[in-house]
Amino acid sequence: INAEYMGCIASLFAKDALVKLDLNITESSRLEGMARDIVRAVQQSRKNANLKITDKIDLYLKLPNVEGILKEWRDYIMEQTLATCISLSPLSQHTKHEETIEIEGEVVIIQLAVHTGL
């Protein structure tokens, strides 16, 4: 197998096949990647907060373009993290866990608290 890379296109050559990949990242793909990174970060925050795997949470996210990400990926993030809501305002509960991380060079603040159902 031979491979070559020219700009934003990668080619792989085999005996009887040629595969070309477009390496350009679309805005949609970038937002999907951010959503998946957010899910991983929230899952790690849940673990760091010693939550049970079945605990439902209230979630606050602060990062650039959070509205754009949530427009397309809110349901996915909520489903994967067991969030009952995603707030754009900091959580007011006293029993919350907060972490600051970096995703794609951007500072992300995550707050979560066990959902009390109130």
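Scroll up a little and you will see the structure.
The structure presented is a predicted model; accordingly, all values stated were derived computationally and were not measured.

Novice: Teacher, can you tell me more about the environment of Ala83 here?
Specialist: Relative to the helices and strands, Ala83 is located in strand S5 (residues 83-87). It is 4.7 Å that separates the C-alpha atoms of Ala83 and Ile57, two residues lying 26 residues apart in sequence. In contact with Ala83, other than residues within four places in its own chain, are Ile57, Leu59 and Met78.

Novice: Mind showing me how you'd approach helix H1 (residues 27-48) here?
Specialist: Think of an α-helix as turning once every 3.6 residues; residues three or four places apart then point the same way. Relative to the 32 Å expected for 22 residues at 1.5 Å per residue, H1 spans 31 Å between its end C-alpha atoms, a close match to the ideal helical length. Within H1, the full set of buried residues consists of Leu31, Met34, Ala35, Ile38, Val39, Ala41, Val42, Ser45 and Arg46. On its buried side, H1 packs onto strand S4 (57-62), helix H2 (66-81), strand S6 (96-103) and strand S7 (106-114). One or two positions beyond H1, positive phi appears at Asn50, with a value near 60 degrees.

Novice: Would you explain the environment of Thr100 in this entry?
Specialist: Here Thr100 shows up in strand S6. Looking at Thr100, the relative accessible area reads 52%, which means it is exposed. C-alpha of Thr100 to C-alpha of Gln111: the two residues are eleven residues apart in sequence and 8.8 Å apart in space. Apart from residues no more than four positions distant in its own chain, Thr100 is found in contact with Val107, Val108 and Ile109.

Parameters at a glance
- Positions within a chain are numbered from 1, following the residues in the order the chain's sequence is written.
- This being a predicted model, a pLDDT of at least 70 is required before a residue's local features are given, and a value of 80 or more before pairs of side-chain atoms are given or counted; all residues contribute to the totals for chains, interfaces and linings.
- Working from all heavy atoms in the structure, the side-chain values ignore hydrogens and water.
- Secondary structure elements follow DSSP: runs of H or I no shorter than four residues count as helices, runs of E no shorter than two count as strands, and numbering proceeds from the N terminus.
- Contacts are assigned to residue pairs with any non-hydrogen atoms lying within 4.5 Å of each other.
- A helix is expected to span 1.5 Å for every residue after the first.
- The classification of residues rests on relative accessible area computed with a 1.4 Å probe and restricted to protein chains. Under 20% of the type maximum is buried, over 50% is exposed, and intermediate values are partly exposed.

Read these as spatial facts, not as claims about activity.
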